[in-house]
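Observations on the model geometry
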Amino acid sequence: MSRRSMFTLAAAALVLAAVLAWWFTRAPVVAATVVQPAPLVRTLLFSARVAAASRVELGSTLTGRVREVLVAEGATVRQGDVLVRLESEELRAALDQARASERQAAARLAGLRSSGRKAAQAGVAQADSVLQAAQAELQRTQELVARGFLSEARLDETRRAVAVAQAQLAGASAQRAANDEQGTDVTQAQAQLALARSAVSAAQARLEQAVLTAPSDARVLVRAVEPGQIVQPGRALLTLALAGAAQLEGQVDERYLEQLRVGQPARVSADAFPSQHFEARLLSIAPLVDAQRGAVEVKLSLPQAPPAYLREDMTLSVQVETGRRERTLVVPVQALAGDREARSDGTATVFVARDGRVEPRRLRLGLATLEAVEVLEGLSAGDVVLLGPAPAAGRRVHADTSATAQRAAQASREDVGSALGNAMGR
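Reading guide: rules and limits
Residues numbered from 1 in each chain as written. Predicted model: local features only at pLDDT ≥ 70, side-chain atom pairs only at ≥ 80, totals over all residues. Heavy atoms only, no water. Helix = DSSP H or I, 4+ residues; strand = E, 2+ residues; numbered from the N terminus. Buried < 20%, exposed > 50% of the residue type's maximum accessible area, 1.4 Å probe, protein only. Contact = heavy atoms within 4.5 Å. Areas by Shrake-Rupley, 256 points an atom, 1.4 Å probe, with all protein chains shown as cover. Core = buried A, V, L, I, M, F, W, Y, C linked by side-chain atoms within 4.5 Å. Expected span 1.5 Å × (residues − 1). Bend = angle between axes of the 7 residues up to and from the residue. Pairing = 2+ DSSP bridges. Salt bridge = Lys/Arg side-chain N within 4 Å of Asp/Glu carboxyl O. Axes fitted to C-alpha atoms, helices over the stretch in contact; angles between N-to-C directions. Parallel < 35°, antiparallel > 145°, perpendicular 65-115°, else oblique. Left-handed = near helix turned anticlockwise from the far one by under 90°. Polar contact = N/O pair within 3.5 Å; in protein donor to acceptor, adjacent residues only side chain to side chain.

With respect to the overall build of the protein
- In terms of helices and strands, the protein carries six helices and 21 strands.
- Looking at the protein residue by residue over its 426 residues, the buried ones come to 34%.
- Looking at the protein alone, contacts between residues at least 24 apart form 73% of all its contacts between residues at least 6 apart.
- Approximately 24800 Å² of the protein is accessible, and the part contributed by carbon and sulfur atoms is 52%.

Some thoughts on the nonpolar core
- Among the nonpolar cores identified, the biggest contains 26 residues, and Val 66, Val 77, Leu 83, Val 84, Leu 86, Val 225 and Leu 238 are the most heavily contacted of them.
- Within the residue set of this core, elements represented by two or more residues are strand E4 (64-69), strand E6 (82-86), helix H2 (89-147), helix H4 (184-208), strand E8 (218-223) and strand E10 (236-242).
- Tallying contributions element by element places E10 first for this core, with four residues.
- With near-sequence residues (within four places) excluded, Val 225 lies in contact with Val 66, Val 69, Val 84, Val 231 and Leu 237.
- Counting residues in each nonpolar core, the second largest holds 24 residues, with Val 50, Leu 260, Ala 280 and Leu 282 among its members.

Considering H2
- The end-to-end C-alpha distance of H2, which contains 59 residues, comes to 83 Å, matching closely the 87 Å that a straight helix rising 1.5 Å per residue would cover.
- At Gly 116, H2 shows its strongest bend, of approximately 40°.

Remarks on H4
- In this model, H4 (25 residues) spans 36 Å end to end at C-alpha, consistent with the 36 Å of a helix rising 1.5 Å per residue.
- For H4, the complete set of buried residues consists of Asp 185, Val 186, Ala 189, Leu 193, Ala 196, Val 200, Ala 203 and Leu 207.

A few points about the pairing of E8
- Inspection of the sheet shows strand E5 (residues 76-77) paired to E8 by two bridges, in the antiparallel sense. Bridge pairing in E8 places Thr 76 opposite Arg 219.
- By the bridge criterion, five bridges tie E8 to E10 in an arrangement that is antiparallel. Residue pairing in the sheet places Val 222 in a bridge with Thr 239 of E10.

A few points about the sheet that holds E8
- Within the open sheet, the four strands sit side by side as E3-E10-E8-E5. Their pairing is antiparallel. The strands lining the two open edges of the sheet, one partner per strand, are strand E3 (55-59) and E5.

Side note on the pattern of salt bridges
- For the coordinates displayed, the defined rule picks out 23 salt bridges.
- The salt bridge partner of Asp 313 is Arg 49, with a shortest N-O separation of 2.7 Å. Residue Asp 313 is found in the loop between strand E14 (295-301) and strand E15 (315-332), and its partner Arg 49 is found in strand E2 (residues 37-51); the two are separated by 264 residues along the sequence.
- Among the residues examined, Asp 313 registers a relative accessible area of 40% and is labelled partly exposed.
- For the salt bridge of Arg 361 with Glu 359, the shortest nitrogen-to-oxygen distance reads 2.6 Å.
- Judged by relative accessible area, which is 18%, Arg 361 ranks as buried.

A look at the packing of H2 against helix H3 (residues 152-178)
- For the pair H2 and H3, the least separation of the axes is 8 Å and the interaxial angle reads 165°. Relative to H3, H2 is oriented roughly antiparallel. Here the hand of the crossing between H2 and H3 comes out left-handed.

Notes on the sheet that holds E6
- Taken in spatial order, the four strands of this open sheet run E7-E6-E4-E9, and their pairing is antiparallel. At either end of the open sheet lies a strand with only one pairing partner, and these are strand E7 (211-213) and strand E9 (230-231).
- With two bridges joining them, E4 and E9 adopt antiparallel strand pairing. Of the residues in E9, the one forming a bridge with Arg 65 is Ile 230.

Focus on the environment of Gln 264
- Inspection of the secondary structure puts Gln 264 in the loop between strand E11 (247-253) and strand E12 (265-270).
- Given a relative accessible area of 9%, Gln 264 falls into the buried group.
- Ignoring anything within four residues of it in the chain, the contact list for Gln 264 reads Gln 259, Ala 280, Arg 281, Leu 282, Val 320, Glu 321 and Thr 322.
- Here Gln 259 takes part through its backbone oxygen, which lies 2.9 Å from a polar atom of the side chain of Gln 264.

Topic: unusual backbone geometry
- Unlike most non-glycine residues, Asp 313 shows phi in positive territory, near 70°.
- The phi angle at Asp 355 is positive, at roughly 55°, despite the residue not being glycine.
- The topology assignment puts Asp 355 in the loop between strand E16 (347-354) and strand E17 (357-368).

In C-alpha cells:
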C-alpha cells in the first residue's frame, strides 16, 4: 500500500472517530416549556337531563269508560282545569238513590219529633184514663162482694182489668220515652239519617272522581288515554310537569365527589343545540351514592329563564367549575406523566434544564386538571421544565421551548384518561 493511501485511511479514521465522539457526547434535544404564572380553571364535565321540579302522574280511582279527553301533549293547563271525563250515568243514579234515602230518613225523624210525640202523649193519657176507670171499678166491686151482692169471680175479672190497664199505661209511657230527644226511636232515626247523608257524600265523591282536573298549573307531558277506553285504578292516564323552576339532573362519578360544592357555577349546552350555552348553578348533591353505577346524583338550578328550546328529559352537557386560580404557577400534565403514583399524595417529580443539564425537582402540587397542574413548591417563574423523555440526572440536554416541540410532546404523551366521556374532571 502506498504512503498516500495509508494517509487517506488514517484521515478517514480520525474523522469517523471525531463524528462518533460528537454523536455520543452531543446534548439531546428535548421538548420543554418555560414555567410562568397563568390562570388555571378546573371543570367537571358530565351529562344531565332537563327535569321539572315536580312531576305527577294522574290516574282514575274508578273503573269506567272514558267519555272525553280535553288536553293534548304539550298543552299548558291551569289549576282546576278539566282534563278527562268518565261516563257517569250510573254514578248519578247512585247519587239520586242516596239522596232519596236521605230524604226518607229525614222525614222519619221529623215525624217522630212531631206527630209521633203527640200520638205517644195521647196514648199515655188514654192508658192512664183506662187505668183510673179500672181501679174505680175494682173498688166498687170489692164493696159489693163484701156485702154479698157480687161473687168472687166478678172481683177477679175487675182485678185482671186493672192489671191490663196498668200494662197498657206502661207501654204507652215507654213509647213516649222512646220518642223523646234522647229516646231510642229518635236516636235510631238520627243514626239512619247520618248514614244516609254519608251515602250521599260517598256517591257525590265518586261522581266527582269521574272528572280528572289539574292539581295545579302544569304542562302535559304524556297523554296515555283516549275516549272510549276502559280505565282502572292504578293506571297513569296523564303525566304532568307542575309549574315551577326547571332543574337539571345528572349523575357524576363518585371519584369526583370531593370536587363538588353546592353553589358552584356551571356552563350548559344541549346536545341538540351545541352552540347555544346558558348558565346554571349546582343546587344539591344527593346524600347517597348509587351502588350499582358508582355515581351520585346532582341537581342544578337555572338562575335565569331557561332557553325556549329546552324540553323535558332533553340531554345536556354540563361543565361545572370546581376550582379556579386567577394566577398561579402551572406545568403541563405531560411533564408529570411518569410519576402518577407519587401524584396521589400531592407531590410529583419533574425534570428541569438548568445550565444545560438535567436536574430533578420534587414538587408539591395544588389544583389539577387534565391538562395542567398547579405548583405550590419546587419551581419558580422562568424555570424550564422538560416535557419529553429526559436523559439521566446530570446529563447534558438541549431544551426546545418552541410551540412545535411542545405540540409534538403532547401528541406523543396523550393521556388516555382525557378520552373518557361521562363524569370526567377537566
